[in-house]
Protein chains: 2
Amino acid sequence: MDSNANPQAGGVRFAAVSSIPMTAAPTAPAYTIGECARRSGFSMDTLRYYERVGLIDDVDRTPTGQRRFTEAHLEWLGTLKCLRDTGMPIEQMCRFAQLVRDGDATVPERIELLRTHREAVDERIADLDAKRDYISGKIDYYRGLE
Amino acid sequence: MDSNANPQAGGVRFAAVSSIPMTAAPTAPAYTIGECARRSGFSMDTLRYYERVGLIDDVDRTPTGQRRFTEAHLEWLGTLKCLRDTGMPIEQMCRFAQLVRDGDATVPERIELLRTHREAVDERIADLDAKRDYISGKIDYYRGLE
DNA sequence: CTAGGACTTGGAGTGGACTCCAACGCAAAC
DNA sequence: GTTTGCGTTGGAGTCCACTCCAAGTCCTAG
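So, how was this worked out
Residues numbered from 1 in each chain as written. Chains lettered and ligands numbered in written order. Predicted model: local features only at pLDDT ≥ 70, side-chain atom pairs only at ≥ 80, totals over all residues. Heavy atoms only, no water. Near = heavy atom within 4 Å. Polar contact = N/O pair within 3.5 Å; in protein donor to acceptor, adjacent residues only side chain to side chain. Helix = DSSP H or I, 4+ residues; strand = E, 2+ residues; numbered from the N terminus. Nonpolar A, V, L, I, M, F, W, Y, C, P; charged D, E, K, R; others polar. Contact = heavy atoms within 4.5 Å. Buried area = accessible area lost by both parts, 1.4 Å probe. Salt bridge = Lys/Arg side-chain N within 4 Å of Asp/Glu carboxyl O. Core = buried A, V, L, I, M, F, W, Y, C linked by side-chain atoms within 4.5 Å. Buried < 20%, exposed > 50% of the residue type's maximum accessible area, 1.4 Å probe, protein only.

Caption draft 1: Up close: the protein's contact with DNA strand C. Lining the immediate surroundings of DNA strand C are 18 residues, of which T32, R61 and R67 of chain A together with Y50 and R84 of chain B lie closest. Note that a phosphate oxygen of DNA strand C is positioned 2.7 Å from one of the side-chain N or O atoms of Y50 of chain B. Every element with two or more residues in the surface near DNA strand C is listed here: α1 (33-40) and α2 (44-52) of chain A together with α2 (44-52) of chain B. A total of four residues in the surface near DNA strand C trace back to one element, the largest contributor, which is α2 of chain B. Within the surface near DNA strand C, the residues separate by chemical class into seven nonpolar, six polar and five charged.

Here it is, written out as structure tokens:
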């Protein structure tokens, strides 16, 4: 049901470990939204927003309604950050999230989506490279005028 | 007064030449906003908007009020496109435009601005490269599952 | 026990960069 | 000379991705 568990090295990693005072008993660590924000690099508001639009799933609540995020969430957030920062629109990330929810049968579709996205990223990089050169040319031109 | 005239090879270039029926007499070509849009890659609305906020200067009008853009405008628009597409905010482009308007004394400041921007572009490229690799890793992981 | 900080919700507001609209004038092709 | 279409203006609207707000609850350190 959940084959997103790629333990990719590049996940977001920070120092402190146990965020929430768990009464001893080494349970799997659960993070408050504040801690999750600090660790993921998203704001608390963005995390709530992502949950609302369906980009984050299965966020447990304490009996009083506070969110508790897990290691798995942090990993998933690392993926989202990567996709977002490479320019994928929210809507497409939602589609990807849906595929992940839909289980292993969607792996080929996920590959397809990521490949397409990677191509877009490649194009973006090539474009930036070219435009970087243009800027350098402009700088050189101005330097000739000084 | 105007040392933006860097005839950089990478300008936007199209096929057709004379857009507006000029009663013979090979005057410097002047382009309608539509033609300018086609040649620059900006929409007509964006061109008007850029003029309003001060990114484009000295746009002549026909006696009836229609804009006529010149070759020089197209070159400047090429520069704007490059800056915009590499993520420079409008406000900073406005500052750059102001420097160009302020004449040759501002050349060092322009260099400074462009250098700073180029650094931002370099960082963006490095970030995209890294995230591209992350995506590739994810793809490989999924391919292992197929 | 109480102060202060962290958390909750639904919904409204923001910022950047356009993009569209209405109502109109001018143009040039047949 | 009329239709088709390109152009004008000021101002309003849109889109995206958040970001902020109010009013309230909860948690924990002192």
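Caption draft 2: Structural detail: the interface of chain B and chain A. In this complex, chain B contributes 41 residues to the contact, which on the side of chain A involves 41 residues. With both chains or domains summed, chain B and chain A bury close to 4100 Å², and 66% of this area falls on carbon and sulfur atoms. Run the count over chain B and chain A and you get four salt bridges. With a closest N to O distance of 2.9 Å, D85 of chain A and K131 of chain B form a salt bridge. At the boundary of chain B with chain A, the tally comes to 12 residue pairs in polar contact (both at pLDDT 80 or more). Only α3 (71-85), α4 (90-101) and α5 (107-145) of chain B provide two or more residues apiece to the side of chain B that touches chain A. Considering every element that reaches the side of chain B that touches chain A, the biggest residue donor is α5 of chain B, with 27 residues. Along the lines of polarity and charge, the residues of the side of chain B that touches chain A split into 17 nonpolar, 10 polar and 14 charged.

Caption draft 3: Examining the nonpolar core more closely. Ranked by size, the top nonpolar core spans 70 residues in total, and within it L47, I56 and L80 of chain A together with L47, I56 and L80 of chain B carry the most contacts. Other than its neighbours up to four places away in sequence, L47 of chain B contacts I33, C36, A37, S40, F42, I56, F69 and L77 of chain B.

Caption draft 4: Region of the structure containing the protein's contact with DNA strand D. DNA strand D sits among 20 residues. The nearest are Y50 and R84 of chain A together with T32, R61 and R67 of chain B. The sugar-phosphate backbone supplies 79% of the atoms of DNA strand D found within 4 Å of the protein. Between DNA strand D and the protein, one listed contact pairs a base nitrogen with a side-chain N or O atom of D45 of chain A at 3.4 Å. Note that a phosphate oxygen of DNA strand D is positioned 2.6 Å from one of the side-chain N or O atoms of Y50 of chain A. Considering every element that reaches the surface near DNA strand D, the biggest residue donor is α2 of chain A, with five residues. Tallied by class, the residues present in the surface near DNA strand D amount to seven nonpolar, seven polar and six charged.

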